[in-house]
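What follows is each chain in one-letter form.
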Amino acid sequence: MISKRKAGISLAVNIIITLVTVAVVISYFFQEPSVLTKNGYESFRFFTTDSNILAGISAAVTAFYDIRIIKGKTDTFPKWAVLLKYAGTSCAFVTFSVTAFFLLPLYGPIVYSGTLILFHVTNPLMSLFSLIFLETAHKIRFREILLGAVPVMVYGIVYLTEVVVIGEENGGWMDFYGFNIDGKWPVSFALMNLGGFLIAFVTALLHNIKAVPKKGTAQHNKQ
C-alpha cells in the first residue's frame, strides 16, 4: 500500500523528470550542428538520450498512478509500472556512472555542461530516489534484474556494430564514448555489460530494502 503522502511526493518528482526529459530532447532540435550531432535526430544515438527517455516515460506512467492513488482510486502501483520504472532507473544510472567514472576523466567537466547536467546527474538521481523511497509497492525478483540489464546489452551491440563493424568511414558512428580507443572494444564491451548488470542488481537491491508488498501479494511475488 502506498500512502497518499508518498504518492504526492512521487508525483512531484516524476513530473519533474518527465518535463525535464521532454524539454531537453526538444532542445536538441534547436541546437547548432556540432562534431557529435548534425541534427536533433542524431542525439538518439547516445545512450544518455535513450536511457533518459526510458526513465522519462516510466516517470510519466508512475505519475499517472500517483494521481490515481491520491484520488483514492487505487492504493498501489501495478507491478508492471514498477518494473518499467526500475528499467528506466537502472539505465539512467548507467548513464550517471559511465559519465562520472569514465567520461569525466576522459573529456573533463564538459560532460556536465549545459543540459548534460540534467541527463547525466539530475534525472538519474531523482529517478533512483523515487524508486527506492517512494515506489515501494513491489519487490524486484532476481530474474527481473534482466529488465534493467538487457537494454544496456542491446545498446552495446548496436554501438559495437556501428563503431567497429561498420566504422565511421563507412557511414557508421564515430566512437563518441571512446570505447574503442586503441582497439580495446572487447574489454569495453565486456565491462559495459558487466557494469550494466551490476548496476541493475544494486538498484534492485536498494529498492527491495524499502519495498513492502501489499498484504496478500507476498506469496504471489515469490512464484
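All of the points below concern the structure found in this document. (Residues numbered from 1 in each chain as written. Predicted model: local features only at pLDDT ≥ 70, side-chain atom pairs only at ≥ 80, totals over all residues. Heavy atoms only, no water.)

### Observations regarding the pattern of salt bridges
Pairing is possible between side chains that carry opposite charge, provided their charged atoms lie close to one another. By the definition in use, this model includes four salt bridges. One salt bridge in this structure joins Glu42 and Arg45, with 3.5 Å as the shortest N-O distance. The residue Lys79 makes a salt bridge to Glu144 at a minimum N-O spacing of 3.3 Å. With Lys79 in helix H3 (residues 79-107) and Glu144 in the loop between helix H4 (116-133) and helix H5 (146-166), this pair connects stretches of sequence that are 65 residues apart. By relative accessible area, Lys79 is classed as buried at 17%. Overall, the relative accessible area of 7% leaves Glu144 in the buried class. If you follow the salt bridges from partner to partner, you end up with Lys79, Arg141 and Glu144 in one network. (Salt bridge = Lys/Arg side-chain N within 4 Å of Asp/Glu carboxyl O. Helix = DSSP H or I, 4+ residues; strand = E, 2+ residues; numbered from the N terminus. Buried < 20%, exposed > 50% of the residue type's maximum accessible area, 1.4 Å probe, protein only.)

### Describing the side chain of Ser90
By the element assignment, Ser90 lies in helix H3. In this structure Ser90 touches Gly148, Ile199, Ala200 and Thr203, once residues within four positions along its chain are discounted. (Contact = heavy atoms within 4.5 Å.)

### Here we look at the nonpolar core
If you look at the biggest cluster of nonpolar residues, it comprises 21 residues, and the most contacted ones within it are Phe47, Tyr155, Tyr159, Trp173, Phe176 and Tyr177. Going through the elements one at a time, H3, H4, H5 and helix H6 (185-210) are the ones with two or more residues in this core. Of the residues forming this core, the biggest block, five residues, is contributed by H3. Residues in contact with Trp173, not counting those within four places in the same chain, are Arg45, Tyr155, Val158, Tyr159, Glu162, Val163 and Glu168. Membership of the second largest hydrophobic core comes to nine residues, among which are Val61, Tyr65, Phe77 and Ala81. (Core = buried A, V, L, I, M, F, W, Y, C linked by side-chain atoms within 4.5 Å.)

### Regarding the packing of H3 against H4
Between H3 and H4, the least distance of the axes is 8 Å, while the angle of their chain directions is 140°. Seen along the crossing, H3 lies across H4 with a hand that is left-handed. Residues Val82, Lys85, Tyr86, Thr89, Ala92, Phe93, Thr95, Phe96 and Thr99 of H3 form the contact with H4, whose own contacting residues are Phe119, His120, Val121, Pro124, Leu125, Ser127, Leu128, Ser130 and Leu131. Its residues placed into classes, the contact of H3 with H4 shows eleven nonpolar, six polar and one charged. (Axes fitted to C-alpha atoms, helices over the stretch in contact; angles between N-to-C directions. Left-handed = near helix turned anticlockwise from the far one by under 90°. Nonpolar A, V, L, I, M, F, W, Y, C, P; charged D, E, K, R; others polar.)

### What to know about unusual backbone geometry
One non-glycine residue, Asp182, lies in positive phi territory at about 60°. For Asp182, the location among the structural elements is in the loop between H5 and H6.

### What to know about H6
Given a rise of 1.5 Å per residue, 26 residues ought to cover 38 Å, and the 38 Å separating the end C-alpha atoms of H6 matches this to within 8%. Among all positions in H6, only Ser188, Met192, Asn193, Gly196, Ile199, Ala200, Thr203, Ala204, His207 and Asn208 are buried. In this structure, the buried residues of H6 make contact with H3, H4 and H5. (Expected span 1.5 Å × (residues − 1).)

### Here's the deal with the side chain of Thr37
Note on placement: Thr37 falls in the loop between helix H1 (4-28) and helix H2 (47-70). Apart from residues lying up to four places away in sequence, Thr37 is in contact with Glu42, Ser43 and Phe46.

### Some details on H2
Taking 1.5 Å per residue as the helical rise, H2 with its 24 residues ought to reach 34 Å, and the 34 Å between its terminal C-alpha atoms agrees with that figure. Looking at the residues trailing H2, positive phi occurs at Gly72, about 80°.

### Points about the packing of aromatic side chains
Within this structure, the stated rule accounts for 21 aromatic pairs. A ring pair is formed by Phe46 and Phe176, whose centres lie 4.6 Å apart and whose planes are at 80°; its orientation type is edge-to-face. Remark: Phe176 occurs in the loop between H5 and H6 and Phe46 occurs in the loop between H1 and H2; sequence separation between them is 130 residues. Phe176 carries the same exposure label as Phe46, and that label is buried. In textbook terms, an aromatic cluster arises when at least three aromatic residues are bridged by ring pairs, as seen for Phe46, Phe47, Phe102, Tyr155, Tyr159, Trp173, Phe176, Tyr177 and Phe179. (Phe/Tyr/Trp six-rings, centres within 6.5 Å; stacked < 30°, edge-to-face > 60°.)

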